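The chain contents come next:
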Amino acid sequence: ERGLDMARKGFATSKTGLIVLAAALAGAVGASKDAGESDAQVGIDVVFKPEQCEQEAQDGDKLSVHYELKLEGSGKVIDASRTRGKPLDFTLGSGMVIKGWELGIKGMCPGEKRNLRIPPELGYGNRNMGPIPGGSTLLFETEMVAINRPSADQDL
């Protein structure tokens, strides 16, 4: 529905900690023109959105997301949370995931499915990251499993 219309940040993985560990590097690798800003955008295709959405993912929320990662042009699955039978858990806006995920996941509802196209600037940049060659555009199929929002009186 939305197509390539939104620029968003960040991301994470779990198979070997590849995406989570790489998030710290992604900030430096994805560096851009001025003060870390870039013209790069995340392509977002909303595949399914529930008719009723009572809660949208926002910074500070603890999220559970299923995903499948492919590299643009190859079609080969590099990593998938369903293979392990456990979604990826992370806190949105905390830098636990690559910038492309931070941007592409924000605003999702439980049950929503999105395809994300993340350019290298918002992924891993020009560095090789395990099975992911430097300069790769990442294609993710994502599904929001759960959103847990900390209460106002709870320490983040």
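If you're wondering where the values come from, they're calculated on a predicted model, not measured in any experiment.

Procedures and definitions
Residues numbered from 1 in each chain as written. Predicted model: local features only at pLDDT ≥ 70, side-chain atom pairs only at ≥ 80, totals over all residues. Heavy atoms only, no water. Pairing = 2+ DSSP bridges. Helix = DSSP H or I, 4+ residues; strand = E, 2+ residues; numbered from the N terminus. Salt bridge = Lys/Arg side-chain N within 4 Å of Asp/Glu carboxyl O. Buried < 20%, exposed > 50% of the residue type's maximum accessible area, 1.4 Å probe, protein only. pLDDT = per-residue confidence, 0-100. Contact = heavy atoms within 4.5 Å. 1 Å grid on protein atoms, 1.4 Å probe; cavity = no way out; pocket = protein on both sides within 12 Å on 5 of 7 lines; lining within 4 Å. Points joined across faces, edges and corners; volume = space filled by probe spheres on them. Nonpolar A, V, L, I, M, F, W, Y, C, P; charged D, E, K, R; others polar. Disulfide = S-S within 2.5 Å.

Colleague: Talk me through the pairing of strand E6 (residues 138-148); I want residue IDs and the actual numbers.
Modeller: As defined by bridge partners, strand E2 (residues 62-71) adjoins E6 across 10 bridges and the pair is classed as antiparallel. Paired with Leu 63 across the two strands is Ile 147, which belongs to E6.

Colleague: So what's going on with the pattern of salt bridges? Residues and values would help.
Modeller: Evaluation of the coordinates by the stated rule reveals eight salt bridges. Of the charged contacts, one joins Lys 106 and Asp 59 as a salt bridge, the two residues approaching to 3.2 Å between their closest N and O atoms. Taken as a pair, Lys 106 in the loop between helix H3 (99-105) and strand E5 (113-118) and Asp 59 in the loop between strand E1 (43-48) and E2 lie far apart in primary sequence, 47 residues in all. You can call Asp 59 partly exposed: its relative accessible area is 45%. Where Glu 112 meets Arg 114, a salt bridge forms, and the shortest distance between an N and an O atom there is 2.7 Å.

Colleague: Which residues make up the confidence of the model for the protein, and what values do they have?
Modeller: Overall, the predicted model of the protein reaches an average pLDDT of 81, with 73% of residues at or above 70. This stretch, residues 1-35, has a pLDDT under 50; its non-local contacts, to residues over four places away or in other chains, come to 109 contacts.

Colleague: Break down the layout of surface pockets for me, with residues and values.
Modeller: As a volume, the largest pocket reaches approximately 180 Å³. Counting only elements with at least two residues in the lining of the largest pocket, the list comes to E2, E5 and E6. For the lining of the largest pocket, a count of residues per class yields three nonpolar, three polar and six charged.

Colleague: Lay out the state of the cysteines in plain terms, naming residues and giving numbers.
Modeller: Tallying each qualifying case throughout the model produces one disulfide. Between Cys 53 and Cys 109 runs a disulfide, and the two sulfur atoms are separated by 1.7 Å. Every disulfide takes its handedness from the sign of the S-S torsion; for Cys 53 and Cys 109 that torsion is -100°, giving left-handed. Taken together, the positions of Cys 53 in the loop between E1 and E2 and Cys 109 in the loop between H3 and E5 put the pair 56 residues apart, joining distant regions of the chain. Judged by relative accessible area, Cys 109 falls into the buried class, the value being 0%.

Colleague: A description of the pairing of E5 should follow, citing residues and the corresponding values.
Modeller: Only one face of E5 is covered, namely the face carrying Arg 114, Leu 116 and Ile 118; the face carrying Lys 113, Asn 115 and Arg 117 is uncovered. Looking at chain direction, E1 and E5 are connected through five bridges and run antiparallel. Looking across to E5, one finds that Ile 44 is bridged to Leu 116. Looking at chain direction, E5 and E6 are connected through six bridges and run antiparallel. In the strand pairing of E6, Leu 116 is matched with Phe 140.

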